[in-house]
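Secondary and tertiary structure notes
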Amino acid sequence: MKKILLLLFCLLLFGCSNKTIPEVEANIEITDKAKELAQELKIDFKKLDLDVNIIDANNTSFTLYLSREVSDEDAVKDIKKICDFIKTFSKKEKLYDFYNPDNEFDYSAINEQTKTLMLKATIKSKDYKVAINRMNGLSYKGSEETYSIYKINFLEYDFNY
């Protein structure tokens, strides 16, 4: 009986020590690099309310690939959804204006002409300069399909200059 309890205890400890990798819907392709960055920043892609086909990453940024063409009106909605998503893993679920970091970001600054948005976010006790860039008509690693793309850069930044 003691051996069985010891075995169960060891299995529980082993199961708890495994790292969990963020999951997303089955129809979204997510690269290993994106999973690693998401784990590092404690990001849950399930909270991204955007019709993304592919999520890719490098060391400091995510790239979201959408197979639909994004109109200027749609881009305003998409960027707001991306901001809402970033809030889910930001300190106190807040974003701030990059150029005036003491002021909380106001969504009215997003309009149909917005191609790049600069924000400040605190993630895991570090301040980040967050840049959201909108791009159109690019392929993914040589595929013939074109995508509308949002690139989200996270750069550590000292706002106490």
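Predicted model, so just to flag it, every value in this text is computed and none were measured.

Two orientations exist for strands paired in a sheet by backbone hydrogen bonds: parallel and antiparallel. An order of β1-β2-β3-β7-β6-β5-β4 is seen for the seven strands of this open sheet, with the pairing classed as mixed. One side of each edge strand has no neighbouring strand; the edge strands of this open sheet are β1 (29-30) and β4 (96-97). Pairing geometry for β4 and strand β5 (residues 116-123), over two bridges, is antiparallel. Bridging from a neighbouring strand, aspartate 97 pairs with leucine 119 of β5.

Once that is clear, we can look at the confidence of the model for the protein. Confidence along the protein averages 85 in pLDDT terms, with 83% of residues attaining 70 or more. Every residue in residues 16-24 is under pLDDT 50, and counting partners more than four places away or in other chains gives 14 contacts.

Before going further, it helps to spend a moment on the packing of aromatic side chains. What describes a pair of aromatic rings is the distance from one ring centre to the other and the angle between the planes of the rings. In the structure shown here, the tally under the stated rule is 10 aromatic pairs. A ring pair is formed by phenylalanine 62 and phenylalanine 154, whose centres lie 6.1 Å apart and whose planes are at 85°; its orientation type is edge-to-face. Placement of the pair is phenylalanine 62 in strand β3 (residues 61-66) and phenylalanine 154 in strand β7 (residues 146-156), with a sequence separation of 92 residues. Accessibility expressed as a relative area gives 2% for phenylalanine 62, which makes it buried. For phenylalanine 154, a relative accessible area of 4% puts it in the buried group. Consider the rings of phenylalanine 89 and phenylalanine 154, whose centres lie 6.0 Å apart with planes at 55°: the pair is tilted. Of this pair, phenylalanine 89 sits in the loop between α3 (72-87) and β4 while phenylalanine 154 sits in strand β7, placing them 65 residues apart in sequence. One aromatic cluster is present, built from ring pairs that chain together Phe45, Phe62, Phe85, Phe89, Tyr128 and Phe154. Against the face of tyrosine 96 rests lysine 120, its NZ or CZ located 5.3 Å from the ring centre.

What counts, and where the lines are drawn
- Residues numbered from 1 in each chain as written.
- Predicted model: local features only at pLDDT ≥ 70, side-chain atom pairs only at ≥ 80, totals over all residues.
- Heavy atoms only, no water.
- Pairing = 2+ DSSP bridges.
- Helix = DSSP H or I, 4+ residues; strand = E, 2+ residues; numbered from the N terminus.
- pLDDT = per-residue confidence, 0-100.
- Contact = heavy atoms within 4.5 Å.
- Phe/Tyr/Trp six-rings, centres within 6.5 Å; stacked < 30°, edge-to-face > 60°.
- Buried < 20%, exposed > 50% of the residue type's maximum accessible area, 1.4 Å probe, protein only.
- Lys NZ or Arg CZ within 6 Å of the ring centre and 35° of its normal.

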